[in-house]
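# What the coordinates show
Residue-level listing of the chains:
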Amino acid sequence: MKDLEIASSLKLARVARGWSQAELADRVDVTRQTIGLIEAGRYNPSIKLCLALARATGQGLDDLFWIQGER
Amino acid sequence: MLFEKTERDERTFAAGGRVAGIWLGVTHILLAGVIFYRLYILGQPDEELRDFQTVFAISLFGHMLTQLFLGGLLPVPTWRGMVVCYLTLAGVIAAVCLAIYGVPEASQWHSTWLPTFLGPAILLGLYRLTAWLGRRRIEKLIAEQ
């Protein structure tokens, strides 16, 4: 599979809600470091985690994650 | 409390798997190196290395078979393919051993001819069983949807 770079607006969505990384991590049951790495583009989350993040932030999946260079 | 609470999630779990895989590989290489060194450099008898060899074989084949089984999609050889693989493997092992050690004494058959012909059969049998079980497992998972 081609190595796709995933971009996200997770940080914007999180900050807009006034949450810290730790708070968001608690809501989706992952570590704070995982949230930090997703926001930094250093970790590609599973589809399960993407959906959990989309639900937690009230965003659509397409609004939260996209392939780098396609937006 | 002596340690802070450690959280686990998909990322740490995946990282743990990668770390375990890397160090298992390193351990296998080191163990094979120790066996080789003690057998061929120090000239220690084969019998003194049985424990090392057994642990090495169980770990190596156990790891491979488990990974292949969980991964699922292995080519399942036909019976004809099995026969061809067996003849090739046993033939190559026999040819190499004959070239190195010469023709063995008839009384030593249990430590020469037997492993030469039985070893590849056991390996191929285990491979085919694992491949078949792996494929069956995945097909069952799909059928349950």
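For the structure given in this document, a descriptive report is provided here. Starting afresh in each chain, residues are numbered from 1 along the sequence in its written order. As a convention, the first chain written is A and the first ligand written is 1, with the rest following in written order. Totals for whole chains, interfaces and linings use every residue, but because this is a predicted model, local features are given only for residues with pLDDT of at least 70 and side-chain atom pairs only at 80 or more, for both listing and counting. To obtain the side-chain values, all non-hydrogen atoms of the structure were used and water was disregarded.

## Regarding a nonpolar patch on the surface
Residue and element names in this part refer to chain B. A cluster of nonpolar side chains, Phe36, Tyr37, Tyr40, Ile41, Leu42, Val92, Val96, Ile100 and Tyr101, forms an exposed patch at the surface whose accessible area comes to about 1000 Å². Every helix listed is a DSSP run of H or I at least four residues long, and every strand listed is a run of E at least two residues long, numbered separately from the N terminus. Mapped by element, the contributors of at least two residues to the nonpolar patch are helix H1 (10-41) and helix H3 (79-101). Within the secondary structure, Tyr101 sits in helix H3. Working definition: with a 1.4 Å probe on protein chains only, accessible area under 20% of the residue-type maximum means buried, over 50% means exposed, and in between means partly exposed. Residue classification places Tyr101 among the exposed residues on the basis of a relative accessible area of 62%. Only residues whose relative accessible area exceeds 30% and that form no salt bridge are eligible for patches; like-charged ones are grouped when within 9 Å, while nonpolar side chains (Val, Leu, Ile, Met, Phe, Trp, Tyr) are grouped when within 5 Å. What sets the accessible areas is the Shrake-Rupley method with a 1.4 Å probe; for residues, cover comes only from the shown protein chains. A pair is scored as a salt bridge if a Lys or Arg side-chain nitrogen falls within 4 Å of a carboxyl oxygen belonging to Asp or Glu.

## Remarks on the side chain of Arg128(B)
Residue and element names in this part refer to chain B. Along the chain, the position of Arg128 falls in helix H4 (residues 113-143). It turns out Arg128 is buried and unbridged, and the closest side chain with the opposite charge, Glu139, is 14 Å from it. Between N or O atoms, a polar contact is any pair within 3.5 Å; within protein, one atom must be a potential hydrogen donor and the other a potential acceptor, and residues adjacent in sequence are included only when both atoms are from side chains. In terms of polar contacts, Arg128 uses its side chain to reach the backbone carbonyl oxygen of Pro77, at 3.0 Å. Sequence-distant contacts of Arg128, that is, excluding residues within four places in its chain, are made with Val76, Pro77, Thr78, Trp79 and Met82. Charge counting follows a simple rule: Lys and Arg are positive, Asp and Glu are negative, and His as well as the terminal groups are ignored. The contact criterion used is simple: two residues touch if any of their non-hydrogen atoms lie within 4.5 Å.

## Details of the nonpolar core
Definition of nonpolar core: a set of buried residues of the types Ala, Val, Leu, Ile, Met, Phe, Trp, Tyr and Cys, connected through side-chain atoms within 4.5 Å. Formed by 16 residues in total, the largest nonpolar core has its most connected members in Leu10(A), Ile35(A), Ile38(A), Leu53(A) and Leu64(A). Of all the elements in the fold, those that place two or more residues in this core are helix H1 (10-16), helix H2 (21-28), helix H3 (32-39) and helix H4 (47-57) of chain A. Counting residues per element, this core draws most heavily on H4(A), at four residues. Setting aside its immediate chain neighbours within four residues, Leu53(A) contacts Leu10(A), Leu24(A), Val28(A), Ile35(A), Ile38(A), Leu64(A) and Phe65(A). Counting residues in hydrophobic clusters, the runner-up holds five residues, among them Leu31(B), Ile35(B), Leu39(B) and Leu49(B).

## Thoughts on the environment of Gly69(A)
Residue and element names in this part refer to chain A. Along the polypeptide, Gly69 turns up in the segment after strand E2 (65-67). Look at Gly69 and you get exposed, because its relative accessible area is 69%. Distance from Gly69 to Ala7, taken between C-alpha atoms, is 8.6 Å for residues 62 residues apart in sequence.

## Remarks on the interface of chain B and chain A
Listed per partner, the contact involves four residues of chain B and ten residues of chain A. Two parts placed together each lose some accessible area under a 1.4 Å probe, and adding up what both lose gives the buried area. Both faces considered, chain B and chain A share a buried interface measuring about 600 Å² in area, 50% of it formed by carbon and sulfur atoms. Ranking the residues of chain B by area buried against chain A places Asp9(B), Glu10(B) and Arg11(B) at the top, with a combined share of 85%. Linking chain B with chain A are zero salt bridges, by the criterion used here. On inspection of chain B and its partner chain A, the count reaches six residue pairs in polar contact (both at pLDDT 80 or more).

## Some details on H3(B)
For the α-helix, the turn length of 3.6 residues means that residues three or four positions removed from each other point alike. Residue and element names in this part refer to chain B. In a helix, the anticipated span is given by 1.5 Å times the number of residues less one. When the terminal C-alpha atoms of H3 are compared, their 32 Å separation across 23 residues agrees well with the 33 Å that a helix rising 1.5 Å per residue should span. Residues of H3 that are buried: Met82, Ala90 and Ala94. In the core, the buried residues of H3 are packed alongside H4. At the C-terminal side of H3, Gly102 shows a positive phi close to 80 degrees.

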